[in-house]
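One letter stands for each residue in the lines below.
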Amino acid sequence: MNFDFSDDQKQLRDQARKFLAEKCSAKAVRVVLDGKAPYDKELWKGLAEMGFLGVAIPEEFGGAGAGHLELCVIAEEMGRANAPVPFSSTVYLAAEALLIAGSDAQKKKWLPAIASGEAIGTLALFEGKGNPSSKNVKLTAANGTLNGVKKPVADGAIADFAVIAARTGSTGRDGDVSLFLVDLKAGGVEVKSLTNLDPTRGQAEITFKDCKAEPLGAAGEGWSILTQVLDRAAVLCAFEQVGGADRALEMGRDYALDRIAFGRQIGSFQAIKHMLADMYVSATLARSNSYYGAWALSTNAAELPEAAAAARISATQAFQHCAKNNIQVHGGMGFTWEFDCHMYYRRANAMALGLGSLSYWEDQLIDRMRKKNAA
Amino acid sequence: MNFDDTPQEAEFRATARAWIAANAPKQYEEELRKSSLGRTVLRNANILEVAKAWQKKKADAGWACLHWPKEYGGRGSSPIERVIWQQEEGPFGQLSRMFIIGHGMCGPTMMAFAREEHKRTYLPPLASGEKVWCQLFSEPAGGSDVAGLRTRAEKDGDDWIVNGQKIWTSGAHYSDYGILLTRTDPTVPKHKGLTMFFLDMKSPGVEVRPIKQASGASDFNEVYFTNVRIPDHQRLGEVGDGWNVSLTTLMNERSAIGAAVSTGFPELFEYCASLMLDDGPAIEDRAVRSKLANWAVKASGLKYTSMRAISALSRGERPGPENSIGKLVAGSMIQDVATYALDLQGASGVVSGEEAELAGRFQAMLLRAPGTRVEGGTDEIMRNIIAERVLGLPGDIRVDKDVPFNKIPTKGRG
């Protein structure tokens, strides 16, 4: 058994960590946080040059053709660095949807553009309140034309294209939903930026008015494809969350060693030590669940749906737990704009919602475990 | 990343599996499989006898104490082979619980500190289960603070005379031998005046009194020493070096890695899948599902954390302090799971024993669970270990560290 990343993959992790430490300092993140840029264009270009954007995209479509384990390794580092780039929407959602359901022509058009950093993509699924559910898809598609409103759409204001879930039937079942691909720079699209919890990754409202769209995958297969995309993205996001949780834990640990109060390092008080130990425990459980998700994703195992839900829940909890308690360890300083704690707190809580809330994934996990037990 | 055995591991697994299939006491398999924390009892047999018979059979065929050297009754296996054996032994491995202290802690301590002739005499019958060992460390005044113990050993010619009391000694009532930590010099700071011995539990002056636990069972004991004579050649390590010797013992506790940690979750999930609440099946209930999902990811997180540790073992790495998380997480989880299972039963959850749901499995779990959070290091000690040895935070301030033992205050209020 080798339930761990290979030496090559660990080397890739070191390389990504080094690159991000250099190109994605907290100062660089703050440029986006403070609203001075919608995302870090230089970093995005650099990620493309390093081959990180196309690491899981096959070589025939302009990628490095390495695989999903390599992508997991990079995802963890993106989370650790709190990178202010549209990585998850482009690479986990748009690219994965194309890989699963795209025609050869669609893959040839968009995947090389993703790998080279020329195209930013996203998935437009939500329409206001509610979790992923075919019933919540109201935007309609008829004769290759979309009408309706999607929000929030992650990175919607900077995306070049979007995968869109649209209603094409009226049976009241999952088969009513189909996916479409839209070039957002073409006509019929109106984009409005939304303020949101985590300004380092933007959110938008997109209105489609008689917008031309091409089908992605077979008609009526949309929900089934989406479920696969969300499962894959859940594993990849879990690695980002684990990276973020680890970084928040490190920040808390370092501060506890540095800060003196009552004549002692505050890290010598059991109340602080035990809080940090609990952060370590939650991050470790999340890491282990995520490794299982990575294994299932990279081998396309039948266990993927269950593993993805477990990784999602565990990593969401861990990142929220570590980000929250990192601020607590920092005391009053942790609550200031000046310290970096809030950036991870924002990211943790925004990421907890992006693919559907915890209660959605709890439901998914229990359904999938029941199915397995029944089988 | 894969879950595959190497060719050598696969061969070892196949051999082990075949031998277990041909030799295990299958008549107890179902009962052992269904036993969960707080309930390893056999209805129609004495579990100690069954355990001893299985251990002897393993020893005769070379499957006892796999990682011990052959000359002391083991097999000389690698740590990863030990893990594979545990996976294959499955529910029958529960029988080894009777020997866990002897095999996991006393044996390795003897190997590190006993004279060669003692090792050859005492270790093989320990490995084969013919002789059972216990560990006499904790005292009423020294639980988490083990170095605060008061049992005295005084030199008398070639012997030592021991007086005092130990507590929480698992299995002392059926043990043949024990390793014993004593105070030999009260005039130096507490960690420096300790000395370790091994002794025959049938020695005159040793009295074992079982403690009735909260669960009603009696797995632990108080052990009283009145002028017990121990020959000096049964000393383990140097006089005054008992603390270091005991650390070797405690470090070996950690290598019990790979053994499945009981969380109570599989039992709860199965129960909820069949339980009908007033409004329908429990597993359809939103609140129930949320609870289950939260425990599910803890249980799977522990499982895959242990697989990561096994991978490290198979690369030849040693188990580290990070493995403290298994007991820490599982201990309070099993307590919460049991509480919740009873909550789902409503007022009838109060009924225990054979008339209760699932023959009182969750009630038994509830009453045993507090012990898991204390034995082998409390939750608080586990958190300290993680904070200090994994995260590198400062050690606790110990005000008695440099004070001679006999000058340390013994009461809260003077």
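Residues numbered from 1 in each chain as written. Chains lettered and ligands numbered in written order. Predicted model: local features only at pLDDT ≥ 70, side-chain atom pairs only at ≥ 80, totals over all residues. Heavy atoms only, no water.

Looking at an unreviewed UniProt entry, one finds chain B named Acyl-CoA dehydrogenase, with Bradyrhizobium guangdongense as its source organism. Recorded under Cofactor (unreviewed entry), the UniProt text for chain B is reproduced unchanged: "FAD". What the UniProt record of chain B gives under Sequence similarities (unreviewed entry) is the line "Belongs to the acyl-CoA dehydrogenase family." (UniProt positions renumbered as here; feature names shortened; annotations may be inferred.)

An unreviewed UniProt entry annotates chain A as Dehydrogenase originating from Bradyrhizobium guangdongense. As stated in UniProt under Sequence similarities (unreviewed entry), the record for chain A gives "Belongs to the acyl-CoA dehydrogenase family." What the UniProt record of chain A gives under Cofactor (unreviewed entry) is the line "FAD".

A.B. asks: Looking at this structure, I do not really get the overall build of chain B. What am I missing?
C.D. replies: When helices and strands are tallied, chain B shows twelve helices and ten strands. Taken over the C-alpha trace, chain B has a radius of gyration of 23 Å; the compact-globule value for 414 residues is 22 Å, and the two agree within 12%. Principal-axis analysis of the C-alpha atoms places the extent of chain B at approximately 75 × 60 × 45 Å. Here chain B holds 414 residues, and the buried ones make up 50% of them. A total accessible area of about 19,000 Å² is found for chain B, and carbon and sulfur atoms account for 51% of it. (Helix = DSSP H or I, 4+ residues; strand = E, 2+ residues; numbered from the N terminus. Rg over C-alpha atoms; globule rule 2.2 N^0.38 Å. Buried < 20%, exposed > 50% of the residue type's maximum accessible area, 1.4 Å probe, protein only. Areas by Shrake-Rupley, 256 points an atom, 1.4 Å probe, with all protein chains shown as cover.)

A.B. asks: It is not clear to me how the domain arrangement of chain A should be interpreted in this structure. Could you clarify?
C.D. replies: All names here are of chain A. As far as domains go, chain A holds domain 1 (7–88), domain 2 (122–219) and domain 3 (223–374). Taking only C-alpha atoms, the centre of domain 1 and the centre of domain 2 are 26 Å apart. Counting residues at the interface gives eleven residues for domain 1, matched by five residues for domain 2. Across the interface of domain 1 and domain 2, roughly 700 Å² is buried in total on both sides, 57% from carbon and sulfur atoms. Linking domain 1 with domain 2 are zero salt bridges. Run the count over domain 1 and domain 2 and you get three residue pairs in polar contact (both at pLDDT 80 or more). Listing elements by their share of the side of domain 1 that touches domain 2, those giving two or more residues are helix 2 (26–33) and helix 5 (87–101). Tallying contributions element by element places helix 2 first for the side of domain 1 that touches domain 2, with three residues. Residues belonging to the side of domain 1 that touches domain 2 are distributed by class as follows: ten nonpolar, one polar and no charged. (Domains from an automatic or database assignment. Contact = heavy atoms within 4.5 Å. Buried area = accessible area lost by both parts, 1.4 Å probe. Salt bridge = Lys/Arg side-chain N within 4 Å of Asp/Glu carboxyl O. Polar contact = N/O pair within 3.5 Å; in protein donor to acceptor, adjacent residues only side chain to side chain. Nonpolar A, V, L, I, M, F, W, Y, C, P; charged D, E, K, R; others polar.)

A.B. asks: I tried to follow the interface of chain B and chain A on my own but got confused; where do I start?
C.D. replies: Tallying the contact residues gives 48 residues for chain B and 45 residues for chain A. Summed over both partners, the interface of chain B with chain A buries about 4,300 Å², with 62% contributed by carbon and sulfur atoms. Area buried by chain B at its contact with chain A is led by B:M1, B:R308 and B:L391, which between them contribute 20% of it. The interface formed by chain B and chain A includes nine salt bridges. The closest approach of N and O atoms between B:D396 and A:K273, which form a salt bridge, is 2.6 Å. Where chain B touches chain A, the interface holds 26 residue pairs in polar contact (both at pLDDT 80 or more).

A.B. asks: What is the right way to look at the UniProt feature "domain: Acyl-CoA oxidase/dehydrogenase middle" (unreviewed entry) in chain A in this model?
C.D. replies: Those places that UniProt annotates as "domain: Acyl-CoA oxidase/dehydrogenase middle" (unreviewed entry) correspond, in this numbering, to residues 142–211 of chain A. Its end C-alpha atoms 10 Å apart, residues 142–211 of chain A is made of 0% helix and 57% strand.

A.B. asks: How do you make sense of the UniProt feature "domain: Acyl-CoA oxidase/dehydrogenase middle" (unreviewed entry) in chain B when you look at a structure like this?
C.D. replies: The sites that UniProt annotates as "domain: Acyl-CoA oxidase/dehydrogenase middle" (unreviewed entry) are residues 134–228 of chain B. Measuring from the first to the last C-alpha atom of residues 134–228 of chain B gives 17 Å, for a span that is 0% helix and 47% strand.

A.B. asks: Where do I start with the packing of aromatic side chains in this structure?
C.D. replies: How two aromatic rings sit relative to each other is set out by the distance from centre to centre and by the angle between their planes. Tallied over the entire structure, the rule returns 31 aromatic pairs over all chains. With a centroid separation of 5.5 Å and 90 degrees between ring planes, the pair formed by A:F87 and A:Y92 is classed as edge-to-face. Connected via pairs of aromatic rings, a cluster forms that spans A:F3, A:F5, A:F239, A:Y291, A:Y292, A:W295, B:F3 and B:Y304. When the ring centre of A:F269 is taken as reference, the NZ or CZ atom of A:R264 above it lies at 4.1 Å. (Phe/Tyr/Trp six-rings, centres within 6.5 Å; stacked < 30°, edge-to-face > 60°. Lys NZ or Arg CZ within 6 Å of the ring centre and 35° of its normal.)

A.B. asks: Explanation requested: the nonpolar core in the structure shown.
C.D. replies: Among the nonpolar cores identified, the biggest contains 204 residues, and A:L47, A:F87 and A:L146 are the most heavily contacted of them. It is helix 7 (residues 222–258) of chain A that contributes the most residues to this core, 19 residues altogether. Sequence-distant contacts of A:L146, defined by excluding residues within four places in its chain, comprise A:L139, A:T140, A:A141, A:I164, A:A166, A:F180, A:V182, A:F208, A:K209, A:D210, A:C211 and A:A213. Counting 25 residues, the second largest nonpolar core, distinct from the first, contains B:A114, B:V146, B:L149 and B:W243. (Core = buried A, V, L, I, M, F, W, Y, C linked by side-chain atoms within 4.5 Å.)

A.B. asks: What is the right way to look at the state of the cysteines in this model?
C.D. replies: Disulfides are covalent bonds that connect the sulfur atoms of two cysteines. Across all of its chains, the model carries zero disulfides over all chains by this definition. Counting only cysteine sulfurs, A:C237 is the nearest neighbor of A:C24, a cysteine outside any disulfide, at a range of 16 Å. Between B:C65, a cysteine without a disulfide, and B:C106, which holds the nearest cysteine sulfur, the sulfur-to-sulfur distance is 11 Å. With relative accessibility at 9%, the residue B:C65 sits in the buried group. (Disulfide = S-S within 2.5 Å.)

A.B. asks: Just to check I follow, could you spell out the side chain of B:S128 for this structure?
C.D. replies: Residue and element names in this part refer to chain B. Mapping S128 onto the fold places it in the loop between helix 6 (116–127) and strand 1 (133–136). For S128, the side chain forms a polar contact with the side chain of E130, separated by 2.4 Å. Excluding its chain neighbours within four sequence positions, the residues that come into contact with S128 are K52, Q55, K56 and A59.

A.B. asks: Before we go on, may I ask you to explain the packing of helix 7 of chain A against helix 8 (residues 270–299) of chain A in this structure?
C.D. replies: How two helices sit against one another is set out by the angle between their axes and by the gap between those axes. Residue and element names in this part refer to chain A. Running from N to C, helix 7 and helix 8 cross one another at 160 degrees; their axes reach a closest spacing of 9 Å. Relative to helix 8, the element helix 7 is oriented roughly antiparallel. Where helix 7 crosses over helix 8, the two elements pack in a sense that is left-handed. In the contact of helix 7 with helix 8, the residues fall into 18 nonpolar, three polar and four charged. (Axes fitted to C-alpha atoms, helices over the stretch in contact; angles between N-to-C directions. Parallel < 35°, antiparallel > 145°, perpendicular 65-115°, else oblique. Left-handed = near helix turned anticlockwise from the far one by under 90°.)

A.B. asks: Help me understand helix 5 (residues 100–113) of chain B, please; the structure alone is not making it clear to me.
C.D. replies: The α-helix advances 3.6 residues per turn, and as a result positions three or four apart in sequence lie on the same side. Residues and elements named next belong to chain B. In a regular helix each residue adds 1.5 Å, so 14 residues correspond to 20 Å; helix 5 covers 19 Å between its end C-alpha atoms and thus fits that length. At C106, helix 5 is bent by approximately 35 degrees, the largest bend along its length, and proline P108 sits one to four residues beyond. Helix 5 sits mainly inside the fold: ten of its 14 residues count as buried. Listed in full, the buried residues belonging to helix 5 are G102, H103, G104, M105, C106, G107, P108, T109, M110 and M111. (Expected span 1.5 Å × (residues − 1). Bend = angle between axes of the 7 residues up to and from the residue.)

A.B. asks: When you look at the pairing of strand 3 (residues 159–166) of chain B in this model, what are you seeing that I'm missing?
C.D. replies: The side chains of a regular strand alternate, residue by residue, between the two faces of the sheet. All names here are of chain B. Relative to strand 3, strand 2 (residues 152–156) runs antiparallel, the two being bridged by five bridges. Paired with A153 across the two strands is V162, which belongs to strand 3. The pairing of strand 3 with strand 7 (residues 220–231) spans seven bridges and is classified as antiparallel. Along strand 7, the bridge assignment pairs W160 with I230. (Pairing = 2+ DSSP bridges.)

A.B. asks: Would you mind going over the packing of helix 8 (residues 265–274) of chain B against helix 10 (residues 325–344) of chain B with me for this structure?
C.D. replies: Residues and elements named next belong to chain B. Contact geometry of helix 8 with helix 10 gives a least axis separation of 10 Å together with a crossing angle of 20 degrees. Classified by the interaxial angle, the pair formed by helix 8 and helix 10 is roughly parallel. As helix 8 packs across helix 10, the resulting crossing turns out to be left-handed. Contacts between helix 8 and helix 10 pair F265, L268, Y271 and C272 from the former with M333, V337, Y340, A341 and L344 from the latter.

A.B. asks: Would you mind showing me how to read the confidence of the model for chain B here?
C.D. replies: Any segment with low pLDDT has predicted coordinates that should not be analysed in fine detail. When pLDDT is averaged along chain B, the result is 91, and 96% of the positions lie at 70 or above. Reported confidences for the modelled complex are a pTM of 0.94 and an ipTM of 0.96. (pLDDT = per-residue confidence, 0-100.)

A.B. asks: Explain unusual backbone geometry to me, please; I cannot follow it from the model alone.
C.D. replies: Negative phi is the rule for most residues except glycine; trans is the rule for most peptide bonds. Put simply, A:K151 and A:P152 share a cis peptide bond, and its omega is -5 degrees. Position of A:P152 among the secondary structure elements: in strand 3 (residues 145–154). Despite not being glycine, B:C65 has its phi angle at roughly 40 degrees, a positive value. With phi around 55 degrees, B:A359 is a residue other than glycine that occupies positive phi space. Structurally, B:A359 can be placed in the loop between helix 10 and helix 11 (361–372).

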